[in-house]
Amino acid sequence: MKIIATISTTLYKMEKVLAVILMSVMLGSIALGVVFRYFFGNPLTWTDELAVYMLIWLTFIGGSMSVKSGKAASLDLVFERVQLIWKKIFLIVGYACVILFAAVVAYMAIQWISNPSIQTKISPGLKISMFLPYLAIPFGLVCLTVHSFNHFVQAFTYRENDLADEGSEVK
């Protein structure tokens, strides 16, 4: 299952680049909005909308990245106090639940954004198709599914000393 790990790591690297771009665009949009509002007295109507869409994308990508890097919220208090076999069971069941949830919601989101009424809906400020902001939902959930599946497969060979690597940054 080395290919799954490779796909997950490659996807994570792409997410990191995308997150930097999204954050930069969001920061630039907010700064531009402030400059035009307070220095020129002529507020731009689209800057706030763009910042919101960038934040939505960042939220879904960041959630996926947190699972990949092992920095998502977890119950370490319980996990650290049980035997190795129970740790494996918790990891396998937990990641199976995440995979099931993310895959089902991603499928539903793909069905939803495939609807012609969504594809023809136009944003008020930017005048772009709402398909682009809504695409963050299935994209983030598909990435989350891939990362969770990678962890699910790795959970079968989990060892005690894997805890030290779990929170480390993925290279």
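See the structure printed just above.
Every value quoted in this text rests on a predicted model; they were computed, and no experiment measured them.

Caption draft 1: Representation of the nonpolar core within the structure. If you look at the biggest cluster of nonpolar residues, it comprises 17 residues, and the most contacted ones within it are Leu22 and Met54. Considering each element in turn, this core owes the most residues, 8 residues, to helix 2 (residues 46-68). When residues no more than four places from it in sequence are discounted, the contact partners of Met54 are Leu22, Val25 and Met26. By size, the runner-up hydrophobic cluster in this structure holds 13 residues, among which are Ile99, Ala102, Leu141 and Ala155.

Caption draft 2: Representation of the environment of Tyr107 within the structure. Note that Tyr107 resides in helix 4 (residues 84-113). Through-space distance from the C-alpha of Tyr107 to that of Pro138 is 7.4 Å; in sequence the pair is 31 residues apart.

Caption draft 3: Up close: the packing of helix 2 against helix 7 (residues 136-155). Between helix 2 and helix 7, the shortest axis-to-axis distance is 8 Å and the interhelical angle comes to 0°. When the axes of helix 2 and helix 7 are compared, the pair comes out roughly parallel. Contacts between helix 2 and helix 7 pair Ile56, Trp57, Phe60, Ile61, Gly63, Ser64, Val67 and Lys68 from the former with Ala136, Ile137, Phe139, Gly140, Cys143, Leu144, His147, Ser148, Asn150 and His151 from the latter. Looking at side-chain class alone, the contact of helix 2 with helix 7 contains 10 nonpolar, 7 polar and 1 charged residues.

What counts, and at which threshold
Residues numbered from 1 in each chain as written. Predicted model: local features only at pLDDT ≥ 70, side-chain atom pairs only at ≥ 80, totals over all residues. Heavy atoms only, no water. Core = buried A, V, L, I, M, F, W, Y, C linked by side-chain atoms within 4.5 Å. Buried < 20%, exposed > 50% of the residue type's maximum accessible area, 1.4 Å probe, protein only. Helix = DSSP H or I, 4+ residues; strand = E, 2+ residues; numbered from the N terminus. Contact = heavy atoms within 4.5 Å. Axes fitted to C-alpha atoms, helices over the stretch in contact; angles between N-to-C directions. Parallel < 35°, antiparallel > 145°, perpendicular 65-115°, else oblique. Nonpolar A, V, L, I, M, F, W, Y, C, P; charged D, E, K, R; others polar.

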